[in-house]
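Residue-level listing of the chains:
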Amino acid sequence: MTVAPGTIAPDNRPVNVEAAVTKMEALLGGHIAAYLDACVHCGQCAQACHFHEATQDPRHTPALKLQPMTRVYRRSKSPFAGLKKALGLAPAITEAELRDWEPLIFDTCTMCARCTIVCPMAIDIASVVAATRQAFVAAGLGPPDLLQAADNARDKGSPLGVTPEVLADRVEWLADDNEVEIPLDKEKAEVLLTVSSIEMMKYPDSVVAMAKLLNAAGIDWTLSSKGYEATNFGVLSGKGDIAKTMVERIATAAEAVGARTVVVPECGHAYGVLRWSGANLLGRALPFEVVHITEYLADLKRQGRLKFKPYSEQAVTYHDPCQISRRGGATADARYLLDGFATDFREMTPTGNYNWCCGGGGGVQAMGRAADVRHEVFRIKMAQVEATGAPALVSACANCRLTMDESKAALKWDKELISIVELLADNLVPADKG
Amino acid sequence: MIEFIEGPLWYLALATFLVGVAWRLIVLVAMKRPSDLSQARSASGGLGGALKALIQHSVPHGGNLGRTLYHFVTGYMFHVGLLVLVLFAAPHVEFIQERLIGSDLGWPKLPRWAFIVAAEAAFAGLILLYVHRLTDPVKKQLTDIDDHLGVWLTFIAMLTGCLALQEAHDGLRATHMLSVEALMIYFPFSRLMHAFTFVLARAKTGATYGRRGFAP
């Protein structure tokens, strides 16, 4: 099935064009202006974009996503903007254009940054898209389900409705059911563990696995009902106030327990936001280090505090979550964990920092209307995995996992998806036998 | 008319080019940009990333090279060919020595065969890039009037330059100068500025991601 352009039906929501323009003017700093001035419209980015490659639709060329900002730049901030405006060379953005661009800015950009690699100017289109989303939301646009997820996070504590009360119930249930200690609201702890509500509601074994591993290594850790949700739908949806609130909650919780380390669970964007944007959203340096669970476990393995039985049940390959590898810089840690553990590990092609996105990053997973195109994109991942001959795919992101699980079901694919944390916990060598 | 083209208009074009480019770059550098308060993975990551991106994005890397290889070959043919012509074509060297430097500094001049090779490479590169722009569905979506103007002004400057090569006719030389002057005046206000802004864009991305551990 190919996905036709313009599959997103227009709706009747009022659109405040002026608000979008004002927001873009405010966000249009020197870094974005330099990108807009540098783009030579060569279109090389198209080949790196999974949405373009899956659909062969030129509308999915990443450079086209620079258009809203470029138009505002030309009309209000570029040299002779006033003259261009007066001569009609820099027309104002219209409501119809904003509606036309909306699916390009939201539904078909996972902010994976593959396009940046092939761009001869190294333009970071993902960061421009993130800023542009804020303007679209200011105008009243954006996928309703993504915006609702952000509102849920603000109002209930998590996008999937994991309130502090639900968290406490789920933790108690998981601890009892799995006979594992899951500390919640300890007064003081060295490490604050955060969770993704995707894990808590859909993949709770992942939470249990993290608890088992941290306990086995003798870590002084806790969850906190003050700040537990690692995902940040404020950033994904372009709602800056919610983005800041979500980071503030974790920072407050970490400072309250005196944590020196905040561990982000298997979630790519949660890591990217807290590790690389958290301090910027708060406007101050974070008084703790932020690490992804794979980074933290790799460190424990290096220290000899965790040991694993070799896993030889089947060959496995590894899917790099974009925000952990390419945009996060933690590419090597998952491989260090798999090294010497997965006895038949096969890298896919391309891999590591150049790996393809699952299709659900950047909040696209939460957009119901983007499901069809996501499934088409997933065919790229299927081909990558099948080329390795491995029957199982390991990864370190619950959002990727959910995306791939849904596409796997939609396309009736028979390969297995495995969480790296769960795989490690299942093969943990108890400390007294290590 | 010829005196005007080779005299006042030349100086106007030169001043517009130099002041315009400097102004554009100063404005870009002076525009506010957010500071990064995150803790870098390594202290030298930002600088290293910027340098890596500056070099790495000059060549194809990272896979998915189908489109890149075409642009790499045709782009370098055009850019290198043009740069060689601008700096080393014999009439240009004489012009630079007489009008810009004011003395003979021993600037090397291209032999005729090398001029022909450079000109052929530049023309072929530019034409192949432009044909691709007119026919490729991806590029057609992206292309605007600025892209067309930049190509045509450059093409006309190159074509008139070839016609004026023998310096057999003052009118041909003046036509070439006029086309170059148009290009120089247009340059700072167009996408041709990528000749300079590529440094800012690559360095920004490289520095941002270099701090994180991987400059793409």
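Residues numbered from 1 in each chain as written. Chains lettered and ligands numbered in written order. Predicted model: local features only at pLDDT ≥ 70, side-chain atom pairs only at ≥ 80, totals over all residues. Heavy atoms only, no water.

## Examining the overall build of chain B
In step 1: On a plain count of helices and strands, chain B comes out with 10 helices and 0 strands.
In step 2: What you see in chain B, going N to C, is helices and strands ordered as α-α-α-α-α-α-α-α-α-α.
In step 3: Viewed in the frame of its principal axes, chain B has a C-alpha envelope of about 65 × 35 × 35 Å.
In step 4: Classification of the 216 residues of chain B by burial places 44% in the buried group.
In step 5: Accessible surface, chain B: about 11100 Å² in total, of which carbon and sulfur atoms supply 74%.
In step 6: Charged side chains in chain B number 18 positive and 14 negative. The centres of these two groups are separated by 18 Å. (Helix = DSSP H or I, 4+ residues; strand = E, 2+ residues; numbered from the N terminus. Buried < 20%, exposed > 50% of the residue type's maximum accessible area, 1.4 Å probe, protein only. Areas by Shrake-Rupley, 256 points an atom, 1.4 Å probe, with all protein chains shown as cover. Lys, Arg positive; Asp, Glu negative; His and termini not counted. Charge placed at Lys NZ, Arg CZ, Asp CG, Glu CD.)

## Structural notes on the overall build of chain A
In step 1: Along its length, chain A carries 20 helices and 7 strands.
In step 2: Since a compact globule built from 434 residues should have a radius of gyration of about 22 Å, the 22 Å found for chain A is in line with a globular shape.
In step 3: With respect to the principal axes defined by its C-alpha atoms, chain A has extents near 80 × 50 × 35 Å.
In step 4: Buried positions account for 65% of the 434 residues belonging to chain A.
In step 5: Sequence separation of 24 or more characterises 82% of the internal contacts of chain A that already satisfy a separation of 6 or more.
In step 6: Element-wise, carbon and sulfur atoms account for 51% of the exposed surface of chain A, whose accessible area totals about 14800 Å².
In step 7: Between the averaged position of the 45 positive side-chain charges in chain A and that of its 52 negative side-chain charges there is a distance of 5 Å. (Rg over C-alpha atoms; globule rule 2.2 N^0.38 Å. Contact = heavy atoms within 4.5 Å.)

## Some thoughts on the sheet that holds strand S3 (residues 261–264) of chain A
Residues and elements named next belong to chain A.
In step 1: Spatially, the 4 strands line up as an open sheet ordered S2-S1-S3-S4, and their pairing is parallel. The sheet is open, and its two borders are formed by strand S2 (221–222) and strand S4 (289–292), each paired with just one other strand.
In step 2: For S3 and S4, the ladder comprises 4 bridges, and the chain directions are parallel. Residue Val262 lies in a different strand from S4, and its bridge partner there is Val290. (Pairing = 2+ DSSP bridges.)

## Things to note about the environment of Tyr228 of chain A
Residues and elements named next belong to chain A.
In step 1: Summarising the element assignment, Tyr228 is placed in the loop between S2 and helix H13 (233–237).
In step 2: When the C-alpha positions of Tyr228 and Ala254 are compared, they lie 9.8 Å apart, and in sequence the two are 26 residues distant.
In step 3: Ignoring any residue separated from it by four or fewer positions in sequence, one finds Tyr228 in contact with Lys156, Gly157, Val162, Thr163, Pro164, Leu167, Thr194 and Val195.
In step 4: A distance of 2.5 Å separates a polar atom in the side chain of Tyr228 from the backbone oxygen of Val162. (Polar contact = N/O pair within 3.5 Å; in protein donor to acceptor, adjacent residues only side chain to side chain.)

## Digging into the domain arrangement of chain A
Residues and elements named next belong to chain A.
In step 1: Per the domain assignment, the segments making up chain A are domain 1 (17–142), domain 2 (146–302) and domain 3 (316–433).
In step 2: For domain 2 and domain 3, the distance between their C-alpha centroids amounts to 21 Å.
In step 3: Each partner contributes residues to the interface: domain 2 has 30 residues there, and domain 3 has 30 residues.
In step 4: Around 2600 Å² of area is buried between domain 2 and domain 3 when both sides are counted, 70% of it from carbon and sulfur atoms.
In step 5: Considering only the surface of domain 2 that becomes buried against domain 3, Tyr203, Glu266 and Lys301 emerge as the three largest contributors, covering 26% of it.
In step 6: For the interface between domain 2 and domain 3, the tally reads 1 salt bridge.
In step 7: Across the salt bridge formed by Arg302 and Asp333, the nearest N and O atoms sit 3.3 Å from each other.
In step 8: Where domain 2 meets domain 3, there are 13 residue pairs in polar contact (both at pLDDT 80 or more).
In step 9: Grouping the amino acids of the side of domain 2 that touches domain 3 by side-chain chemistry returns 15 nonpolar, 7 polar and 8 charged. (Domains from an automatic or database assignment. Buried area = accessible area lost by both parts, 1.4 Å probe. Salt bridge = Lys/Arg side-chain N within 4 Å of Asp/Glu carboxyl O. Nonpolar A, V, L, I, M, F, W, Y, C, P; charged D, E, K, R; others polar.)

## A look at unusual backbone geometry
In terms of backbone geometry, most residues other than glycine have negative phi values and most peptide bonds are trans.
Residues and elements named next belong to chain A.
In step 1: Here the residue pair Thr349 and Pro350 is connected by a cis peptide bond, since its omega of -10° sits within 30 degrees of zero.
In step 2: When you line up the elements, Pro350 lands in the loop between helix H17 (331–338) and helix H18 (371–388).
In step 3: The phi dihedral of Ala122 falls on the positive side, at around 60°, and the residue is not glycine.
In step 4: Relative to the helices and strands, Ala122 is located in the loop between helix H7 (114–118) and helix H8 (125–139).
In step 5: The phi dihedral of Glu179 falls on the positive side, at around 50°, and the residue is not glycine.
In step 6: Residue placement: Glu179 occurs in the loop between helix H10 (164–178) and strand S1 (191–193).

## Considerations on the packing of H18 of chain A against helix H19 (residues 398–411) of chain A
The relative placement of two packed helices comes down to the angle between their axes together with the axis-to-axis distance.
All names here are of chain A.
In step 1: Two elements in contact, H18 and H19, have axes whose closest approach is 9 Å; the angle formed by their N-to-C orientations is 95°. Taken together, the axis directions place H18 and H19 in an arrangement best described as roughly perpendicular. Along its contact with H18, which presents Arg374, His375, Phe378, Arg379, Lys381 and Met382, the element H19 presents Thr403, Met404, Glu406, Ser407, Lys408, Ala410 and Leu411.
In step 2: For the contact of H18 with H19, the class distribution of residues is 5 nonpolar, 3 polar and 5 charged. (Axes fitted to C-alpha atoms, helices over the stretch in contact; angles between N-to-C directions. Parallel < 35°, antiparallel > 145°, perpendicular 65-115°, else oblique.)

## Regarding empty space enclosed by the protein
Over the atoms a probe the size of a water molecule is rolled, and this reveals where empty space is left.
Residue and element names in this part refer to chain A.
In step 1: In this structure the tally under the stated criterion is 6 cavities of 30 Å³ or more.
In step 2: Size it by volume and the largest cavity reaches roughly 120 Å³.
In step 3: What lines the largest cavity is a set of 14 residues, among which Gln323, Gly361, Gly362, Asn399 and Cys400 lie closest to the centre.
In step 4: The set of elements that each furnish at least two residues to the lining of the largest cavity consists of helix H15 (268–282) and H19. (1 Å grid on protein atoms, 1.4 Å probe; cavity = no way out; pocket = protein on both sides within 12 Å on 5 of 7 lines; lining within 4 Å. Points joined across faces, edges and corners; volume = space filled by probe spheres on them.)

## Notes on H18 of chain A
Residue and element names in this part refer to chain A.
In step 1: For H18, spanning 18 residues, the distance from its first C-alpha to its last is 26 Å, which sits close to the expected 26 Å at 1.5 Å a residue.
In step 2: Along H18, 13 of the 18 residues are buried, which leaves the element largely enclosed by surrounding structure.
In step 3: Once H18 finishes, Gly389 follows within two positions and takes phi at roughly 80°, a positive value. (Expected span 1.5 Å × (residues − 1).)

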